Structure formats: C-alpha cells, structure tokens
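Breakdown of the fold
One-letter residues, chain by chain:
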Protein chains: 2
Amino acid sequence: MAAPVEPRLFKGTRDFLPEEMLLRERLVETLKSTFRTYGFAPLETPALEYLEILAGKYGAEGDRLIYRLAYKGGAVLALRYDLTVPLARVVAMYPQLGRPFKRYQVQPVWRADTPQPHQGRFREFSQCDVDTIGTDSRLADAEIIALTVESLAAIGFENFKVRINSRLILAGMVERAGLPPAQLPEICRAIDKLDKIGLQGVERELEKLGLEHQRRPILELIELSGAPQEQLAELRRRAGAVPQLLAGADELEQLFEYLDLLGTARDRLTLDLYLARGLDYYTGPIFEAVLPEHPHIGSLSGGGRYDGLIGVFSGAPVPAVGISLGLDRIVTALRQLGPEPTDRSVTRVLVTYFDADCLPDSARALAELRRAGIPAELYLQADKLKKQFAYADRRSIPYVLVLAPDELARGEVALKTLASGEQERLTLPEVIRRIRQAPPPTAGRAKS
Amino acid sequence: MAAPVEPRLFKGTRDFLPEEMLLRERLVETLKSTFRTYGFAPLETPALEYLEILAGKYGAEGDRLIYRLAYKGGAVLALRYDLTVPLARVVAMYPQLGRPFKRYQVQPVWRADTPQPHQGRFREFSQCDVDTIGTDSRLADAEIIALTVESLAAIGFENFKVRINSRLILAGMVERAGLPPAQLPEICRAIDKLDKIGLQGVERELEKLGLEHQRRPILELIELSGAPQEQLAELRRRAGAVPQLLAGADELEQLFEYLDLLGTARDRLTLDLYLARGLDYYTGPIFEAVLPEHPHIGSLSGGGRYDGLIGVFSGAPVPAVGISLGLDRIVTALRQLGPEPTDRSVTRVLVTYFDADCLPDSARALAELRRAGIPAELYLQADKLKKQFAYADRRSIPYVLVLAPDELARGEVALKTLASGEQERLTLPEVIRRIRQAPPPTAGRAKS
C-alpha cells in the first residue's frame, strides 16, 4: 500500500454529496419519466470512443478540448465530448433502430477546458439530450418544444419561456441587408445581445462592425415583437424578395400551429428573431428555454433542427431535431429560486437502539417502516437517547421513533418530531399513517 | 468536417440500445429505491481522478489496468477503477458527512483489461455499491445482508441465496491445520471450488498443494452444513484452542441473530465455511448472492467487512462494510431466467396521423394520453394506416389509436391491439381506462 497521499479532486470535477445527489436524482427521474411519456427511449453509449470517431467533428477549438488517453503508445482513445456524435455513430451502426428514432440520453461528458466553476463551466458535467432522428416532419420539432415545456413544468419551474427563431430567418436577414453569408456569425453575435443591451446597443455593435448603412434592415426585423402570428405576418411584409425569409416564416408558422395542436400553452413561447444559437450546427428552427426574470442564470436548455450532423458517418444527410437540457443550470436555478432547495436526508425516521432488550422491538419496527416504503434507519449501537436525537438532528432526519422500556411496557412507541420537539405516544400503525400524511420533502418548486 | 470514418466501438465497451436500457433503467431505479428505504443516500464522484489517488491501491495487477490520460505531457490523470477508493477519498475530504456514513453509488468504472464479453468482462462497466462507513457495529453487516436479500427480491429473483462466511474462520482454519498464514490464499482457491468439484475434488486440490497430512482438519470444517446455528455450534466443538475460529463463530452467531431480528428469511441465507472472497481486502464477515440452480451465472453480488481500506487517505483505520451488486450479471440472469425479458418499447400507444383534417383530433388525443401518464407517440406524417400499423408492429408498440374520418364523424376513436389484431370503437376515456387496466409490461420476473 502506498504512503498516504493528499485526498483531492482534479480541478473542474466535482463530488456530488448526498444532499446534492438527492436533488439531482429526483430531477433526472422526473425528466426521464416525462421523456418516456413522449415516447422517447433511453440510450447509453460508452465514455471511451476511438479518437477518430470524435476528432474533426467539433471544429479546431473543440478538437483541442477532447481528452485523449495514453493507450498502446498512441493517443487513439478519447473521452466522450458530447452526446450528439456518439448518437450519430449509433444511428450509422444499428439500422435496425429504424426511423424515426426517438431517444433520450443522460450521461457525463468531458472537456479539457479551463474550468470556471462559478460560471458553471466544468471539465466533467452531465448532458441530458432528447432527439428525434430520421424525419424532417415539422411535428417532430414541435414535439421537442412541447416536451421542453412539459419537462420544465414537471420539475417545478413556473415562469419560464421557450424562445424560438429559425436559422433561415437569420440567414435571410443578412441577405436582405445585402451582406455576404460570411458575415452571419459576427452579426449574430451582435444581435444575440438584444436582451442585455437593447436595440440601441445592438445598433452600436453593428456600427462597430462597419455596418452603418446596412444596420437598418437588420434592426427592422429583430425589433418585431408581440404574438408570433402577427410578428410572422409583419416579417412577410418586410421580407421583400428574400426567399429564405419567406421560407423561415413558413417554417415557424407551421411550427406554432403544431404547438397549438399539441396543446402547448402560448404564453410559454416567444418568437425572438434575434435569437442565434450554434450557427455551425443548426439548419432550421432553433430554440432555448430561459427564466426571463433571471437572465443571469442563462438558458436552461438549447436545441433546434440540425440536418447535417447525424449523417457524418454514412455520408448521406439524416434529418434530426433535439434539445440538450442543462442539468447544472437547472440545479443552480432550483437552488436560487426554490423555497427549500431539497431534501437534506434520504432517511425519514431514525429508530432508536436503547439497549439489547429493546433491540428486537426496534428491529421489528424498522422492518415495518421499510415495508411501508418509509426510508428508515436504525441507530447502530446502544446509546443514550440524547445522543441518538443529536445524530438525527445533525443528519436532518425529521422523526425519531423511540423504543424504550417505558413505552414498550405499554405496547406503545414514541414518535419525536425534531422540528417541533413534540413527542407523542402512538401505536406503530399510527406512526406509519402519521409519517405518510406528513408533507413529503419538497422538490424546491421554483417560483421564478 | 473530416472524411467519413468507419463507425465502430472500442473493444470491451458497449452501446446500450433502448430495449436493453429500459431493463437497466428499471433495475437501477428499483435498486436505488430499495437502498433509500434502508436509509442509504446517493453519492457520485468524478470519472477523472488524479492518478496518485488510485495508484497503489489495487495491487500490481490492478495498477497495470488503470486507464491513464495524456495530460500536460504526463500521465497524471486516471479513470475511476472502482467505487471504493473514490469513497475513501470522499470520506477523508468531507468530515461533515459524519459517521456512520451510509451511501450508495451507481456509476461506470474502467479497466484496461483484455475484454471477454462472453464471460461478462468489459473495459467499461457499471458498479452498484452500497456501504456503511465508520462503524464496526455487527448490525451494519446484518443490514447490508438484509438489504441484499431485499434488493434481489425487489428485482424479481425468487430462488437466490446469500452465502455467508468470515475471513476469521478462513484464517483460523489454516492455523488449525498448523499451516502458516502465507498459505491462506492457495488454500482458499482450493476450497472455494467445493460447490463445483465436491469434497473429494477439494481433497485432491489440497493434495496437489502438498497438504496430504494437513487436509483433514481443513475438510472437517468446510464439510459442515445445515442450519447456521448448528454449524457454528459444531465449529466451536472442533475449534480446539484456535482463537480466530472462536472469534469467527462469535461474529457469525451475532450476525445471524441480527438477521433474524431484522426479519430476513432464514431460507435466503446459507453459511458456507468454504466461501472465500478477496482476501487482500476483507477483515470480517464475507458474503455473496448466488442462484444455486444456475451456478454458471456466477455471483450476483459480493461484499463483506473491510476495515483496512477506507482509512487509506487519513492513515487511521476506518471500519466499513458493503456490497457491490453486479449489474451486468443481474441483467444476464434476468434475461436467462425471466419469461419475457423486458419491455421492448417505451411507447404504449401509437396515435395515427391520417390526414391534415384528422391531425387536430390526433394531437388532442395524444396530449390526453400523455397527461394520463401513458407513454404515447404520434406518427409524424400523414400516411396510409397500413404503414402506420406496420411501424407500430416493428417497434413493438402494443396499441394503435386510430383517428380516421369514419370514427371521428361518430365522435369515437378505434383502438387496435396489435397482438390480437382486434379493433374496438371506444371513447377516449374508455381507451385510457383500457390501457391502464392492461397488464403492465413485465420486468421479467426471474423464476430461477
């Protein structure tokens, strides 16, 4: 055995201790259950991939951030960088999956980035992706947005919005201003700040790009606001003879119509013609979920249609649409907005161990509680009750079930509620009823 | 974008496609929920650890199997090799976790081993560990065994046994035969085969080790069988003046007494004095769960008390007891023993898309089904019903909800059950009732 080494974490990675994990597990379970209701099926892929599978898919900067393994003298192995390229590999390898292939995937990814924990940037973090592969049906796009709304509502968020735009509209906007497509990225970077810096700010940004004369046609489009139907009608009027703008309007009109059919509440959706996401990537509608009253939290999810990427292993394009939900962002938001962030203990009742004579009764009560589905823990050695109460308190266990000679002689037990200090003599069935009726630990509803 | 490369998996790793994942997710959820009922709380640690944290903890062979990362010119990073050393690191880093610390952890681990998929040996596989840290209470050992029984029963196994022995008895057995402790490992390898080769086989194995004269005292102990209490009484009679044997008998007597108190069925437990597990590791009781009628499947779980390992980062010993459940083994066993291995589809109902006129009704029905918690999928483009039925069939979706002009004109829908081919006209609430009442997809109860 080696000499003791200092126990420490690699920077940019995290331990999730029980309190954090209880919240994360409940979140993930809620999300998965919502995904299943929409007919998405689970997929998992290995963390280890051949480097050649991942390399060249994420641009030069992405390539640099792929973790490589020392293996057989060469760096031929790599750690999963996202869940999309592995999905593309799976789609190419298993034609039996058929089309459309609707899958969700919740797994960690790794990036050799400079960690910035306070900005939520880590080297190891979980992604939570939902995608529909192999159909260009606009209904698939609508379903992904409906699912986003449903998922965030199921978690407990109240005042969130899904912002929607289209890659076609962004491209058409640049064309309408008489600018070459090559300028799209820098223009997107400028207009994407509208939320933060306002129209005048964007105007200045465009000016800095040397677009004094071309900024008006851009501002005319991104300033459109109101109900999506009216915005799109106005967009058509201002579109002139730019086919991409008309195609984008068609695309989004159908998308909003389908969202109506699917019963997605309109006040959850907003058409933001300045929204720009991952330009290398998306080919149709794009969307992200935000908490408008808490812009500093950033987007809770991002996604869109990306018809170019999934076919990378077969050579032929495969249409695809999906979202990635940001688990870390969601946890941050719940902790900031929720009244009580999470359960602090998995255990609901601590059963005392007074002495060897009382132990059989304690063990029986313990088994009964567990059989009733109530997470229960036995104090593991005979000790003063005071110490056992202190243990429960330290552990945030809400109840202590006291089985001591006095109570047992009367065929009763005593239930102590730590929050109030109250102690009642009850029968065991009464205890089970009482604990079941108590409000369950809250998930931290996010009244943002 | 790079030229297309052949999509392939690194040998020894696996993709888990939806059918496999549905079973694995349900298994893991069942296990976690049982662990929580026993008051164990979730923990997750990063996949990436500093190499110095892992190195030197698994012996020379283990060290060789640690995956190292190329990082900043040196191999200072490694992939998690098991869940126990990270647990030891966590216990040393966060004293606020208190004692006892009861945690479960379900995460993948990586070993640079020669993969043997048919023997269930992979380079990336999931471990499922449950441990109680920081107490030497024999009740903690009993709870871990009770939890093992409960977990396997909850998954659906019927004819399994937890085999129990003690490291002290194995050591005492060697002492009683007048042999040095250094011979314990080879003797354990010989006697551990008793199940497969019988007493005479073990006799021959011991002979091969040159123990013609010392084998009798060993065989006298490992041949003991019957009720644990009687076996332990007989062990005491044969123990002579070997303190380790008496201490081992004390230890196991108390363990079985506590298991009785916790209500663990006696017929689930068997005392096998020839059981030997991880000698470098365990210090007290040892146990493993098996399907006696299916010895080729191997053990479903293994564990025991190991008071030496968790303190490795603090220098001071920290008592610990735990088990590792083998997720891959359990899946293999369920697939081999269960009548129907798993749900083949997450989706319960496919809702048809007949034409644009019917789509609003289809979308409404879809939303209703989902709201009722029934996983439902919409066919994503208008098409012939025959093709939609074929899609559902290919996907193993059990029901198709047909919304076509004839039915809709009558304010009805038609529910087609694919297994029988039967098609009934119903109202939507009737459909929801019907599907809810249908037997849920079986988990594949393992009537081993």
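Analysis parameters
- Residues numbered from 1 in each chain as written.
- Chains lettered and ligands numbered in written order.
- Predicted model: local features only at pLDDT ≥ 70, side-chain atom pairs only at ≥ 80, totals over all residues.
- Buried ≥ 20, exposed ≤ 12 C-beta atoms within 10 Å, placed from the backbone.
- Helix = DSSP H or I, 4+ residues; strand = E, 2+ residues; numbered from the N terminus.
- Arc of directions from axis to C-beta.
- Contact = placed C-beta atoms within 7 Å.
- Nonpolar A, V, L, I, M, F, W, Y, C, P; charged D, E, K, R; others polar.
- Pairing = 2+ DSSP bridges.
- Axes fitted to C-alpha atoms, helices over the stretch in contact; angles between N-to-C directions.
- pLDDT = per-residue confidence, 0-100.

All names here are of chain B. Every buried residue of helix H14 (residues 385–394) is listed here: Gln388, Phe389, Tyr391 and Ala392. Angularly, the buried residues of H14 cover 160° about the axis, an arc narrow enough to put them on a single face. Opposite the buried face of H14, at more than 90 degrees from it, the exposed residues are Lys386, Lys387, Ala390 and Arg394. Where the residues of H14 are buried, they touch strand E12 (349–351), strand E14 (399–402) and strand E15 (413–417). Once H14 ends, the next one or two residues include Ser396, with phi positive near 60°.

Across the boundary between the two partners, chain B contributes 81 residues, which contact 81 residues of chain A. Take the side of chain B that touches chain A: its biggest share by element is 6 residues, from helix H1 (residues 18–37) of chain B. Across the side of chain B that touches chain A, the residue classes break down as 51 nonpolar, 13 polar and 17 charged. As paired strands, strand E3 (residues 68–71) of chain A and strand E3 (residues 68–71) of chain B are joined by 3 bridges and run antiparallel to one another. Pairing of Ala70(A) across the sheet is with Arg68(B), part of E3(B).

With that out of the way, let us pick up the sheet that holds strand E12 (residues 349–351) of chain A. Residues and elements named next belong to chain A. Pairing is mixed across the open sheet formed by 5 strands, whose spatial order is E13-E12-E14-E15-E16. The open sheet is flanked by strand E13 (376–378) and strand E16 (423–426), the only strands paired with a single partner. In this sheet, adjacent strand axes meet at a mean angle of 25° when their direction is disregarded. Here E12 runs beside strand E14 (residues 399–402); their pairing, made up of 3 bridges, is parallel. Residue pairing across strands places Leu350 opposite Val400, the latter belonging to E14. Each of E12, E14 and strand E15 (413–417) is contacted by helix H14 (residues 385–394), which is oriented at about 155° to E14, the strand it contacts most.

Quick look at the sheet that holds strand E13 (residues 376–378) of chain B now. Residues and elements named next belong to chain B. Spatial strand order, E13-E12-E14-E15-E16: 5 strands in an open sheet with mixed pairing. Looking along the sheet, the strands with just one partner apiece sit at the ends: E13 and strand E16 (423–426). The average undirected angle you get between the axes of adjacent strands in this sheet is 25°. Its contacts with the sheet place helix H13 (residues 359–371) against E12, E13, E14 and E15, and it is angled at close to 160° to E13.

A few words on the confidence of the model for chain A. Residues and elements named next belong to chain A. When the pLDDT values of chain A are averaged, the result is 92; 95% of them are 70 or greater. Across chain A, element-level confidence peaks in strand E5 (residues 101–110) with a mean pLDDT of 98 and bottoms out in E3 with 83. Between residues 442–448, whose pLDDT stays under 50, and residues either more than four places distant or in other chains, the model counts 29 contacts. Here the complex is predicted with pTM 0.93, and the ipTM for its interfaces comes to 0.93.

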